[in-house]
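# Survey of secondary and tertiary structure
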Amino acid sequence: MKNERKLAIIKNVNTYERLVDYYFNINQNIFEWLNVPDTFDAERFERHLFFKGKAVLLERKKGNYLALKGYETGEKNVYGESTSINCTGFAFSMTAKRIFKYDKTGKCILCNDNLGKTNTSDYVCLLIHKLSEMYRLYDNIIFQSKRPYIIGVEDSQKLATENLLKDTDINTPYIIGFKTLENIEERIHLLDLPNRIKDLDNVLNQIIALDNQIRKVLGVYNNETSKKERLVVDEINANNVATTCYLESRYKARKEFVNLVNDVFDLNIDVKVNDSIVLDNQHYNLTTPPPTTNSIVKNEEKN
């Protein structure tokens, strides 16, 4: 029994980790980096932005630019921003002076994942944890519909029943023995299958809602397909506005970084949003499409 419980826990952890990998891979395809130097690893840069909330470009020597994790250190300026960055990579660590728009004498430029300078993955991983719990609950309902559930026990069986409920929570069966089988019909109650199917539908809707929320935070337009027919225009617009806010915040933070890099190091790098990923046309079917990168760029040009 102990081995079964360990295996169940491992299975639940694996579910969470696989979901993190799934949404991380979606995130890796949202932004496209163009004209970057050969020494600048754009994919690793996006990884640092997602998991750490910030990343740094370091000019190690002339023409050699590295994409590294960046940790703010040293004295702070009048805006409360650190003037030095601890740039770290594999078997590499270096503290360098930070470059600002008003002070371009440093060696590194910090990029935030969003304008709020927060870690997107913190909230995403919280939602993924809830999503993995929903998947586990979905499995439990299916599993429990295949077996009876004990609803009444003798005093001597209270502890065993508590263990039963704990093991049910981690997807493992638990068997309790009785000295006699008298009045067994009063001890065991077969689950009502129609109600379990209804529970499955409710859990499935929660799974879809959590998936939609995660995509929204990443900046991917994605209305719940099971609810789309019942969505009113206001609900659709509200969902699109929230997604656009997340997307613009992440895009503009990268664009500010790109502009500063090009100005300081005389490069021509650029970043854009991959509309084929963000729009997710298989799940998006509205008469009026939402704002895309093109509209964001046009608004910037007007300003």
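Let us look at the overall build of the protein. When you go through the protein residue by residue, the secondary structure sums to nine helices and nine strands. Taken over 303 residues, the protein has a buried fraction of 42%. A separation of at least 24 residues holds for 62% of the contacts in the protein among residues at least 6 apart in sequence.

On to the sheet that holds strand β3 (residues 64-76). Pairing is antiparallel across the open sheet formed by five strands, whose spatial order is β5-β4-β3-β2-β6. The open sheet is flanked by β5 (92-97) and β6 (108-112), the only strands paired with a single partner. Adjacent strand axes in the sheet meet at a mean angle of 35° when their direction is disregarded.

This next bit is on the pairing of strand β1 (residues 31-34). Across the two faces of β1 the burial differs, with Phe31 and Trp33 buried and Glu32 and Leu34 not buried at all. Both β1 and strand β9 (residues 270-273) contribute to a ladder of four bridges, which runs antiparallel. Its bridge partner being in β9, Phe31 is matched across the sheet by Val273.

Our focus in this paragraph is the pattern of salt bridges. One pass over the structure, following the stated rule, counts 15 salt bridges. Where Arg18 meets Asp21, a salt bridge forms, and the shortest distance between an N and an O atom there is 3.0 Å. Within this pair, Arg18 and its partner Asp21 are both found in helix α1 (residues 2-28), separated by three residues, close to a single helical turn. Accessibility expressed as a relative area gives 36% for Asp21, which makes it partly exposed. Across the pair Lys252 and Glu248 runs a salt bridge whose closest N-O atoms are separated by 3.5 Å. Here Lys252 and its partner Glu248 are both found in helix α7 (residues 233-265), four residues apart, which amounts to about one turn of the helix.

Backbone geometry places Ala91, a non-glycine residue, at a positive phi of 55°. Looking at where Ala91 falls in the secondary structure, it is placed in the loop between β4 (82-89) and β5. Although it is not a glycine, Lys117 adopts a positive phi angle of roughly 60°. With respect to the helices and strands, the residue Lys117 is situated in the loop between β6 and α3 (120-144).

Turning next to the nonpolar core. One finds Phe31, Trp33, Phe45, Ile214, Leu218 and Phe257 to be the most contacted residues of the largest nonpolar core, which totals 47 residues. Once residues lying within four places of it in the same chain are set aside, the contact partners of Leu218 are Tyr23, Ile26, Asn27, Ile30, Phe50, Thr120, Val124 and Arg250. Formed by ten residues, the second largest nonpolar core is a distinct cluster that contains Leu58, Ile85, Phe92 and Cys108.

Next up on the list: the confidence of the model for the protein. Residues at a pLDDT of 70 or more form 69% of the protein, whose mean pLDDT is 78. Model confidence for the protein, summarised as mean pLDDT per element, is weakest for helix α9 (residues 293-302) at 47 and strongest for β6 at 95. The low-confidence segment residues 186-191, where pLDDT is below 50, has 18 contacts with residues more than four positions distant or belonging to other chains. Here residues 281-298 is a poorly scored stretch, pLDDT under 50, and it has 29 contacts once near neighbours within four places are set aside; other chains count.

About the thresholds
Residues numbered from 1 in each chain as written. Predicted model: local features only at pLDDT ≥ 70, side-chain atom pairs only at ≥ 80, totals over all residues. Heavy atoms only, no water. Helix = DSSP H or I, 4+ residues; strand = E, 2+ residues; numbered from the N terminus. Buried < 20%, exposed > 50% of the residue type's maximum accessible area, 1.4 Å probe, protein only. Contact = heavy atoms within 4.5 Å. Pairing = 2+ DSSP bridges. Axes fitted to C-alpha atoms, helices over the stretch in contact; angles between N-to-C directions. Salt bridge = Lys/Arg side-chain N within 4 Å of Asp/Glu carboxyl O. Core = buried A, V, L, I, M, F, W, Y, C linked by side-chain atoms within 4.5 Å. pLDDT = per-residue confidence, 0-100.

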